[in-house]
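Structural features, examined
One letter stands for each residue in the lines below.
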Amino acid sequence: MLKLQKIDKWYDDYHALKGVDVEIKKGEVVVVCGPSGSGKSTLIRTLTRLEAIQGGRILFEDKDIYARNVDVNKLRARVGFVFQSFNLFQNMSVRNNLTLGPVKVLGISRDEANARALELLKKVGLEKKIDAMPANLSGGQQQRVAIARALAMQPALMLFDEPTSALDPEMVSEVLQVMQSLARDGMTMIIVSHEMGFAREVSSRVWFMDNGELLEDAPPDQFFSNPTHPRARKFLQDVVRPHDRAVSPLAA
Ligand SMILES: Nc1ncnc2c1ncn2[C@@H]1O[C@H](COP(=O)(O)OP(=O)(O)OP(=O)(O)O)[C@@H](O)[C@H]1O
Ligand SMILES: [Mg+2]
């Protein structure tokens, strides 16, 4: 579905991505981890052209997304993006947050957009909040609405950049559970996250980044039990603790 071929990214004279070469197939769930400043956000931002790249190619559904004739709005409809900060349209109801893009960009009817909004809110457990304003929702609820809003565009691929790091601890698992159910439905996802329990349970592969390089691309079992790169080992020692969160309620 998505191929990154020797991606190089510079911020002025800072080499932020160094020859990243990797791919993801339909239905895979990749968790991207690595120390702060390693290039995780930069990497996933390049996938919807939120960042320019200076070398290499990114092929999404066999098309070069940096080609001149690519319609960036269409690309961003195919690739959903959920950020750390919830980024809802604050002056609009939950319903309108979910219907605006489908009506304006996809050109579907208001009735159909409404029906789909309700269906998606059910999926994230928030159908009762359809007429609420974002400001009256908790952080966890807002993030679930943000996920539903991205899904309303019927994306082929979903990107998440630390979707739970801005949440109070008690709200983390509700968002992880929504992501887990998406994974079960077969959604292709790339998730930057420090939730190693989630990564272990839900991912098909883990990408480990350090200093702009993608150093590991491994199934979770292998990554957590026997990472090949010493820097990955060090990272795991630093972040994984025995009480590390699992997403067990849905896993049962
Ligand atoms: N707009 C920018 N201009 C210049 N340098 C930047 C810019 N954005 C990021 N960088 C630098 O690029 C490097 C990678 O940043 P990035 O945000 O991708 O890291 P990250 O792995 O997502 O880190 P974190 O875990 O803290 O979110 C960092 O050294 C950062 O300072
Ligand atoms: Mg980041």
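Quick summary incoming for the structure in this document. (Residues numbered from 1 in each chain as written. Chains lettered and ligands numbered in written order. Predicted model: local features only at pLDDT ≥ 70, side-chain atom pairs only at ≥ 80, totals over all residues. Heavy atoms only, no water.)

Details of the pairing of strand 3 (residues 29–33)
- Strand 3 sits mainly inside the fold: five of its five residues count as buried.
- The two faces of strand 3 match: V29, V31 and C33 on one face and V30 and V32 on the other face are all buried.
- With four bridges connecting them, strand 3 and strand 8 (residues 188–192) associate as parallel partners. Paired with V31 across the strands is I191, a residue of strand 8.
- Sheet topology places strand 3 next to strand 9 (residues 205–210); four bridges connect them, and they run parallel. Within the sheet, the bridge partner assigned to C33 lies in strand 9 and is F208. (Buried < 20%, exposed > 50% of the residue type's maximum accessible area, 1.4 Å probe, protein only. Helix = DSSP H or I, 4+ residues; strand = E, 2+ residues; numbered from the N terminus. Pairing = 2+ DSSP bridges.)

A closer look at the packing of helix 3 (residues 94–104) against helix 5 (residues 139–152)
- Helix 5 packs onto helix 3 with a crossing angle of 25° between their chain directions and a minimal axis gap of 8 Å. Classified by the angle between their axes, helix 3 and helix 5 sit roughly parallel to one another. Between helix 3 and helix 5 the crossing geometry is right-handed. Here V94, N97, L98 and P102 of helix 3 come into contact with helix 5, specifically with V145, A148, R149 and A152.
- The residue inventory of the contact of helix 3 with helix 5, partitioned by class, reads six nonpolar, one polar and one charged. (Axes fitted to C-alpha atoms, helices over the stretch in contact; angles between N-to-C directions. Parallel < 35°, antiparallel > 145°, perpendicular 65-115°, else oblique. Left-handed = near helix turned anticlockwise from the far one by under 90°. Contact = heavy atoms within 4.5 Å. Nonpolar A, V, L, I, M, F, W, Y, C, P; charged D, E, K, R; others polar.)

A word on helix 3
- Three or more residues of helix 3 are buried, namely V94, N97, L98, T99, G101 and P102.
- Contact partners of the buried residues in helix 3: helix 4 (110–123) and helix 5.

Details of the sheet that holds strand 5 (residues 63–64)
- Sheet architecture is open: four strands sit in the order 2-1-4-5, paired in antiparallel fashion. Unpaired on one side and paired on the other, strand 2 (14–24) and strand 5 mark the two borders of the sheet.
- Direction of pairing for strand 1 (residues 2–11) relative to strand 2: antiparallel, over a ladder of seven bridges. Bridge pairing links W10 to H15 in strand 2.

Purely geometric stuff here, so don't read any function into it on its own.
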